[in-house]
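# Structural overview for review
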Amino acid sequence: MVTMKGLPLAYSKDMQDDKPPVFEAAGLLALSIAAMTGMVADSTFNTARMRQAAELGYATATDLADWLVRQADIPFREAHHITGAAVKLAESRGIALEALPLADLQAIDARIDERVFAALSVDASVASRASYGGTAPERVREQVAAARMALGMES
């Protein structure tokens, strides 16, 4: 676009300068696609290790804050502080957020009840992202089906 914009009126020799970057980009894209195709074809996944990694690091802390907002009708700013206290307690004990006893969670805030545990697992966290393009299993299946259709691999 810059090459075309900068052309003087009756001189078209600069048109030859727009092609090398296009050819280079096309070559790099083809090489990248070939590499990715081979990588994906030869990939194996250790799902047990993936689950173990997903359960580390208090990734469901956001789910706790969201639960406090939706179910306990707590403003997000306050829910954020409550969640921080729960994460700090779990971290000090070296356990997952969902492993904290209900009594300990209620000691942080009395509005927390047993329903909170339904929101604290990794599976519940993934399933709760059910909007278009989310991580919920049904959304992922939809995207896989759409990709297969687009690639002519209808399933």
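About the criteria used
Residues numbered from 1 in each chain as written. Predicted model: local features only at pLDDT ≥ 70, side-chain atom pairs only at ≥ 80, totals over all residues. Heavy atoms only, no water. Salt bridge = Lys/Arg side-chain N within 4 Å of Asp/Glu carboxyl O. Helix = DSSP H or I, 4+ residues; strand = E, 2+ residues; numbered from the N terminus. Buried < 20%, exposed > 50% of the residue type's maximum accessible area, 1.4 Å probe, protein only. 1 Å grid on protein atoms, 1.4 Å probe; cavity = no way out; pocket = protein on both sides within 12 Å on 5 of 7 lines; lining within 4 Å. Points joined across faces, edges and corners; volume = space filled by probe spheres on them. Nonpolar A, V, L, I, M, F, W, Y, C, P; charged D, E, K, R; others polar. Core = buried A, V, L, I, M, F, W, Y, C linked by side-chain atoms within 4.5 Å. Contact = heavy atoms within 4.5 Å.

For the coordinates displayed, the defined rule picks out eight salt bridges. Among the salt bridges present, the one from aspartate 63 reaches arginine 129, with a minimum N-O distance of 2.5 Å. Residue aspartate 63 is found in helix 4 (residues 61–71), and its partner arginine 129 is found in the loop between helix 7 (122–128) and helix 8 (137–150); the two are separated by 66 residues along the sequence. Residue classification places aspartate 63 among the buried positions, given a relative accessible area of 6%. Arginine 129 gets classed as partly exposed once you look at its relative accessible area, which sits at 30%. With its nearest N and O atoms 2.4 Å apart, the salt bridge here joins arginine 111 to glutamate 78. On the criterion of sequence distance, the pair formed by arginine 111 in the loop between helix 6 (102–108) and helix 7 and glutamate 78 in helix 5 (residues 76–93) is long-range, its members being 33 residues apart. Here glutamate 78 falls in the partly exposed class, since its relative accessible area comes to 32%. Among the ionic contacts, a cluster of salt bridges with common partners joins Arg51, Glu55 and Asp123.

Below, the discussion takes up the layout of surface pockets. Leftover empty space is mapped by rolling, across the atoms, a probe with the size of a water molecule. Put simply, the largest pocket is a space of about 170 Å³. If you list the elements that add at least two residues to the lining of the largest pocket, you get helix 4 and helix 7. Residue composition of the lining of the largest pocket, grouped by class: four nonpolar, three polar and five charged.

Leu64, Trp67, Leu68, Leu97, Ile112 and Val116 are the most contacted members of the largest nonpolar core, which has 20 residues in total. Secondary structure elements with two or more residues in this core: helix 4 and helix 5. Ignoring any residue separated from it by four or fewer positions in sequence, one finds valine 116 in contact with Leu64, Trp67 and Leu105.

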